[in-house]
Amino acid sequence: MDTACFERSEILPEPELPDPVEIIDLGKQMARQWPLQGNAFLKANCCTSELQYKQRMIARGRIMKHAHMGFRSRQKSIRAYAEIHERLLKKGFTLDRYGICLDWSMGFPRHLRSEQMQGTGLILEETEDFVELVNSAPVAAHFGDFMLGFPAALENTCSALSAGVTVIGNIGQYFTFSLPGWKDEIETTCSTLKAIALMVGQDTDILVHSNLDDGFAAVFEDVSCILGAALVERYLVEDLLGGRIAHCFGHHFSSPLLRYAFLHALAEVSPGPGSMIYGNTTSYGGTDAENFASLSAYLRVDIAAQRSCATGHALNPVPVSENRRIPDMQEILDAHLFAGRLCDLEEGLVPPVDIDAARQLSDRLTDGARVFYDNLIRGFRESGIDVENPVEMFLTIRRLGGRRLENWYGPGKPEELSERRAPVVMSDTVKAMDQEVSVQIRRAREAGADSLRGMKLKLVVATTDVHEHGKRLLERVFSSLGLVIVDGGISVDPDVLSGIAESSKADVIALCTYNGVALTYFEQLRDELKERGMNLPVLIGGQLNQIPRNTRSSLPIDVTQELRDRGAMVCPSLVDAIPALCAHFGRESPGDRN
Ligand code: B12
């Protein structure tokens, strides 16, 4: 096959890129100044790293547990770190690790942080703050969000090592996440590579974590390409940088067979212990009671998978409030009590999947992944990329993005009349999205969407952050309802979005927002539009909440009314856009007739 799919100069137009040898040397030299320190977890378990601890747990056949925590307040996080562990212990259950969900403003270098738009996560100002948090209980700390992959990668990694943290990520986020207003990809790349080199330069094995679902797993339609991405990341971290990778996956894996088979396939292609297996968060869409069923469904599979193939991935029972907002302490505790009890009850039960079918699926995944990996390396080489240069490799993968990588290097057969390939193993995200599109089209038509047909309304669809499923849903539904769709971008800044709306002569903006920045973002967008003399209707949906600035509150609060007061067309669900559009453009919707 012809694998030279792009010109080097299109993707790497810089006349010169930083020298990777210098970057790696600098990072490694810093290890003397920033050596790994001890902490409560390492001391209590008499181990040098979480890797050593994981290997011990694998040998003992004990399944590890992970709790993700992301409160804004440092004091509350410290309390929760100690209390969740203690209360579980009293009930006879163990918690092995906490995932600390930093705020996205933490991705910015320290001196720029205070001016940034804040999300909902934890802000740790100084190294001492990392140290205090991590020593609040003898539980391993995992720092994976807004660490590697951001301009502050190096300074955050220094702080984490000083707190005795031995699993740091997140390579997945390097490839897909952006910070508002930050355009310097070279600085981001250098900081990330230096941070990895600093980890590699330690006397102990520090695991370089990657959450595949933060990376391309959300975008790829073919699961074998997701596994292929794990192979590529392993090559980057282990072969090029001399580190050790630990993968995580799970948000988008809903089908029991696929979830189970993927773990086995991952163990085959990337044998080092994994970090954690993330809860199937995309299946949380209902009430708490409904979400408990989702929790149970994926935990049963994960327990069975660990019993048949111990990989050291810690199970992550996600609290059932996940789809409403950041879970509170009691909700985290409840999910863990549920998981602890379920582990006991599952003892001796047969796995909830067909083992032979899982084995076959796992083989298909590994075969497809290897084709993806080989195609990508060959294709990059043929396009003039130095595949042994980590700066070039990291930047090229990030700049090409998931769609092109999958369409060009995927193992599936190319489809006629499209750039896509038929997936070897179709992702659960695609299946769920196809179903949701039909449901939403039907509901929208019932709500009177046909009266908008023929108007050729031009709708710019954008997201304020990495969450793009809502955007894709809107694009597909509204285009089949006869609207003209303009791509407003993912993680797009308000000034850029207003520019797109102006140049495309759009009639409406549809904005999806999830990161707890709804109000600030909307205000900035409205100001930008005003400056351009535009007064476009803006539909907005997703997670319409925010932590008010200068507050002691740790959880975001709903800002629906504030958005309405400022003129936004708030849409709790997609179908709410129909009466709003009908009213604005003077069309009658069925509701008007009642
Ligand atoms: C999938 C997911 C991810 C994926 C996203 C993958 C991708 N490329 O899209 C990944 C794993 C990458 C991810 C990352 C993060 N996530 Co997330 N994620 C989710 C999750 C599970 C689903 C969101 C989703 O896509 N839903 C699918 C859409 C189609 O459904 P929906 O939202 O219900 O949409 C309906 C309506 O809302 C409406 N709608 C939505 N938007 C719009 C817009 C308009 C105009 C209209 C008309 C209608 C409309 O239409 C739909 C149909 O009716 C939610 C939790 C949950 N279960 O909901 C958390 C969640 C949104 N994430 C959250 C967070 C905090 C993050 C991170 C910041 C975590 C971190 N620290 O790393 C990062 C984001 C980093 C960044 N740079 O932005 C929080 C947000 C918290 C809050 N605001 O209170 C949530 C709620 C989870 C939680 N409880 O902590 N996430």
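Because the structure is a prediction, the values reported are computed rather than measured. (Residues numbered from 1 in each chain as written. Predicted model: local features only at pLDDT ≥ 70, side-chain atom pairs only at ≥ 80, totals over all residues. Heavy atoms only, no water.)

S.K.: Which parts of the structure should I look at to understand the packing of aromatic side chains?
M.R.: Geometrically, a pair of aromatic rings is defined through the distance of the ring centres and the angle of the planes. In this structure the tally under the stated criterion is 23 aromatic pairs. Centre to centre, the rings of F150 and F177 are 6.4 Å apart; their planes meet at 65°, and the pair counts as edge-to-face. One end of the pair, F150, is in the loop between β3 (140-143) and α8 (153-162); the other, F177, is in the loop between α9 (171-176) and α10 (185-200), with 27 residues separating them in the sequence. Each member of the pair, F150 together with F177, is buried. Relative to F220, the ring of F216 has its centre 5.3 Å away and its plane inclined at 25°; by these criteria the two rings are stacked. Taken individually, F216 and F220 each receive the classification buried, so the pair is uniform in this respect. Members of the aromatic cluster, connected to one another through ring pairs, are Y174, F175, F216, F220, F372 and F394. Over the face of the ring belonging to F71 we find K76, whose NZ or CZ atom lies 4.8 Å from the ring centre. When the ring centre of Y174 is taken as reference, the NZ or CZ atom of R398 above it lies at 5.8 Å. (Phe/Tyr/Trp six-rings, centres within 6.5 Å; stacked < 30°, edge-to-face > 60°. Helix = DSSP H or I, 4+ residues; strand = E, 2+ residues; numbered from the N terminus. Buried < 20%, exposed > 50% of the residue type's maximum accessible area, 1.4 Å probe, protein only. Lys NZ or Arg CZ within 6 Å of the ring centre and 35° of its normal.)

S.K.: Help me understand helix α17 (residues 428-446) in this model?
M.R.: Residues that lie three or four places apart on an α-helix share one face, since the helix turns once every 3.6 residues. Compared with the 27 Å implied by 1.5 Å per residue over 19 residues, the 27 Å span of α17 between its first and last C-alpha is a close match. Within the sequence span of α17, burial applies to D428, T429, V430, M433, V437, Q440 and A444. Projected down its long axis, α17 shows its buried positions confined to an angular sector of 160°, all on one face. In α17, the exposed positions angled more than 90 degrees off the buried face are occupied by Q435 and E446. Along its buried surface, α17 packs onto α12 (256-269), α18 (469-480) and α22 (577-584). Positioned one or two residues after α17, G448 has a phi angle of 100°, which is positive. (Expected span 1.5 Å × (residues − 1). Arc of directions from axis to C-beta. Contact = heavy atoms within 4.5 Å.)

S.K.: Looking at this model, I keep getting lost on the coordination of the cobalt atom of the ligand. Mind explaining?
M.R.: A four-donor tetrahedral metal ideally has 109.5 degree angles, and a six-donor octahedral metal ideally has angles of 90 or 180 degrees. Looking at the protein side alone, the cobalt atom of the ligand has one donor only, H467 (NE2), at 2.2 Å. In this structure, H467 sits in the loop between β9 (458-463) and α18. (Donors = N, O, S within 2.8 Å, 3.2 Å for Na, K, Ca; no water.)

S.K.: Teacher, can you tell me more about the packing of α12 against helix α13 (residues 288-308) here?
M.R.: One can describe the packing of α12 onto α13 by two numbers: an axis separation of 9 Å at closest approach and a directional angle of 30°. Judged by the angle between their axes, α12 and α13 are roughly parallel. Remark: the crossing between α12 and α13 carries right-handed chirality. The residues of α13 that touch α12, namely those facing P256, R259, Y260, L263 and H264, are Y298, V301, D302, A304, A305, Q306 and S308. Of the residues that constitute the contact of α12 with α13, the class distribution is seven nonpolar, three polar and two charged. (Axes fitted to C-alpha atoms, helices over the stretch in contact; angles between N-to-C directions. Parallel < 35°, antiparallel > 145°, perpendicular 65-115°, else oblique. Left-handed = near helix turned anticlockwise from the far one by under 90°. Nonpolar A, V, L, I, M, F, W, Y, C, P; charged D, E, K, R; others polar.)

S.K.: Can you help me understand the domain arrangement of the chain in this one?
M.R.: Frequently, the measure chosen for interface size is the accessible area that the parts lose on association. Per the domain assignment, the segments making up the chain are domain 1 (19-277 + 294-356) and domain 2 (428-593). Using only C-alpha atoms to locate each centre, domain 1 and domain 2 end up separated by 32 Å. Summed over both partners, the interface of domain 1 with domain 2 buries about 2200 Å², with 53% contributed by carbon and sulfur atoms. The three residues of domain 1 that bury the most area against domain 2 are W104, M117 and T120, which together make up 23% of that side's buried surface. Counting across the interface, domain 1 meets domain 2 through one salt bridge. Across the pair D493 and K183 runs a salt bridge whose closest N-O atoms are separated by 3.5 Å. (Domains from an automatic or database assignment. Buried area = accessible area lost by both parts, 1.4 Å probe. Salt bridge = Lys/Arg side-chain N within 4 Å of Asp/Glu carboxyl O.)

S.K.: Explanation requested: the nonpolar core in the structure shown.
M.R.: Within soluble globular proteins, side chains that are nonpolar tend to cluster in buried spots. One finds F143 and F380 to be the most contacted residues of the largest nonpolar core, which totals 167 residues. It is helix α11 (residues 223-240) that contributes the most residues to this core, 12 residues altogether. Among the nonpolar cores identified, the runner-up in size contains 25 residues, and A444, V461, L539 and A577 belong to it. (Core = buried A, V, L, I, M, F, W, Y, C linked by side-chain atoms within 4.5 Å.)

S.K.: Just to check I follow, could you spell out a negative patch on the surface for this structure?
M.R.: Taken together, the side chains of E16, D19, E22 and D25 make up a negatively charged region of the molecular surface. When you line up the elements, E22 lands in helix α2 (residues 20-33). According to the relative accessible area criterion, E22 is exposed, its value standing at 54%. (Patch = residues over 30% accessible without salt bridge, like charges linked within 9 Å, V, L, I, M, F, W, Y side chains within 5 Å. Areas by Shrake-Rupley, 256 points an atom, 1.4 Å probe, with all protein chains shown as cover. Lys, Arg positive; Asp, Glu negative; His and termini not counted. Charge placed at Lys NZ, Arg CZ, Asp CG, Glu CD.)

S.K.: Help me understand the sheet that holds strand β5 (residues 207-211) in this model?
M.R.: Strands belonging to one sheet form pairs held by backbone hydrogen bonds; the direction of such a pair is parallel or antiparallel. Taken in spatial order, the six strands line up as β1-β2-β3-β4-β5-β6 in an open sheet, and their pairing is parallel. Looking at the sheet topology across the chains shown, the edges are occupied by β1 (66-69) and β6 (244-248). The average undirected angle you get between the axes of adjacent strands in this sheet is 30°. (Pairing = 2+ DSSP bridges.)

S.K.: What's the story with the environment of L257 in this structure? I'm lost.
M.R.: Within the secondary structure, L257 sits in helix α12. With a relative accessible area of 27%, L257 lands in the partly exposed category. Expressed as a C-alpha distance, the spacing of L257 and G412, which sit 155 residues apart in the sequence, is 20 Å. Setting aside its immediate chain neighbours within four residues, L257 contacts V353, D354, A357, A358 and L361.

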